[in-house]
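# Commentary on secondary and tertiary structure
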Amino acid sequence: GQLNWRAHHSSILVRNKIHCWGGNQKDVPLVHDGDDKRKVTSTVDVFELSTFKWERKSTTSNPPAGVFSYACTSIKDSALYFGGSCKPLDCFHNNLYKLNTLTLNWNEIISTTTDNIPMRKYG
């Protein structure tokens, strides 16, 4: 398959696969949260380096709401996503999420109610 256009996203390498999630895409609705948004954000695009092919895969549990301009990194078989903003772009998040790249299950590690994390901001 072919990866569709997107902007303000990140991609990470985990075990010879590039995982691409979130970002500004054609189908992301202009809302903070909702079923239509979760339908789009409950997928991750995976590029298999051995075959040079993209594959869209469904995830389980609730993905982060901050789908733009977040920070991400990988640790072992997990992808960690911190912060980000959502449409409208003046909505910022401090959540830390983990995506298990083997099971494709989301897990919120730190929620926005935690006081001892960096200030929500863009940039």
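Keep in mind that what you see is a predicted model, and the values were worked out from it rather than measured.

### A closer look at the overall build of the protein chain
Broken down by element type, the protein chain carries one helix and ten strands. N-terminal to C-terminal, the α/β element order of the protein chain is β-β-α-β-β-β-β-β-β-β-β. A buried classification covers 40% of the 123 residues belonging to the protein chain. Taking contacts inside the protein chain between residues at least 6 apart in sequence as the whole, the part at least 24 apart equals 45%. Accessible surface, the protein chain as shown: approximately 7,300 Å² in total, 50% of it carbon and sulfur.

### Regarding unusual backbone geometry
Within the chain, Ser69 stands out as a residue other than glycine whose phi angle is a positive 55°. Here Ser69 lies in the loop between strand E4 (53-58) and strand E5 (71-75). For Ser69, a relative accessible area of 33% corresponds to the partly exposed category. In this structure, Lys76 takes a positive phi of about 50° despite not being glycine. Within the secondary structure, Lys76 sits in the loop between E5 and strand E6 (78-82).

### Focus: the pairing of strand E1 (residues 10-14)
Judged by which residues are buried, E1 turns out to be one-sided: Ser10, Ile12 and Val14 face inward and are buried, whereas Ser11 and Leu13, on the alternate face, are not. Note that E1 and strand E2 (residues 17-21) share five bridges and pair antiparallel. Counted as the bridge partner of Ser10 is Trp21 from E2. Taking the residues between adjacent antiparallel strands as the criterion, E1 and E2 are bridged by two residues, where Arg15 takes a positive phi near 50°.

### So, the sheet that holds E2
Spatial ordering of the open sheet is given by E1-E2-E3-E4, a layout of four strands whose pairing is antiparallel. Edge positions in the sheet fall to E1 and E4, since each has one partner strand and no second. Taking the axes of each pair of neighbouring strands and ignoring which way they run, one obtains an average angle of 25° across the sheet. In this sheet, E4 lies alongside strand E3 (residues 43-48) in antiparallel orientation, the contact comprising six bridges. The partner of Phe47 across the bridge, within E4, is Trp54.

### Some remarks on the sheet that holds E6
Taken together, four strands build an open sheet; the order of strands is E5-E6-E9-E10 and the sheet is antiparallel. The sheet is open, and its two edges are formed by E5 and strand E10 (105-110), each paired on a single side. Taken over all neighbouring pairs, the strand axes of this sheet differ in orientation by 25° on average, direction set aside. With five bridges connecting them, strand E9 (residues 96-100) and E10 associate as antiparallel partners.

### Section: the nonpolar core
One finds Trp21, Tyr81 and Trp106 to be the most contacted residues of the largest nonpolar core, which totals 16 residues. Counting residues per element, the ones that place at least two in this core are E1, E3, E6 and E9. Setting aside residues up to four positions removed in sequence, Trp106 forms contacts with Trp21, Thr41, Thr59, Thr60, Ser61, Asn62, Pro63, Pro64, Tyr81, Tyr97, Lys98 and Leu99.

Basis of the calculations
By convention here, each chain's residues receive numbers from 1 onward along its written sequence. Since the coordinates come from a predicted model, pLDDT governs what is reported: local features require at least 70, and pairs of side-chain atoms require 80 or more to be given and counted, while whole-chain, interface and lining totals use all residues. For the side-chain quantities, the full set of heavy atoms in the structure was used; hydrogens and water were omitted. Secondary structure elements are taken from DSSP: a helix is a run of H or I of four residues or more, a strand is a run of E of two residues or more, and numbering for both begins at the N terminus. The buried label goes to any residue with under 20% of its type's maximum accessible area, the exposed label to any with over 50%, and the partly exposed label to all in between, with areas taken from a 1.4 Å probe on protein chains only. Contacts are assigned to residue pairs with any non-hydrogen atoms lying within 4.5 Å of each other. Here the open area of atoms and residues is found with the Shrake-Rupley method and a 1.4 Å probe, where only the protein chains shown may cover a residue. Pairing between strands requires that DSSP locate at least two bridges from one strand to the other. Helix axes use the C-alpha atoms of the stretch in contact, all axes being lines fitted to C-alpha atoms, and the angles between their N-to-C directions lie in the range 0 to 180 degrees. Buried residues of nine kinds, namely Ala, Val, Leu, Ile, Met, Phe, Trp, Tyr and Cys, make up a nonpolar core once their side-chain atoms join them within 4.5 Å.

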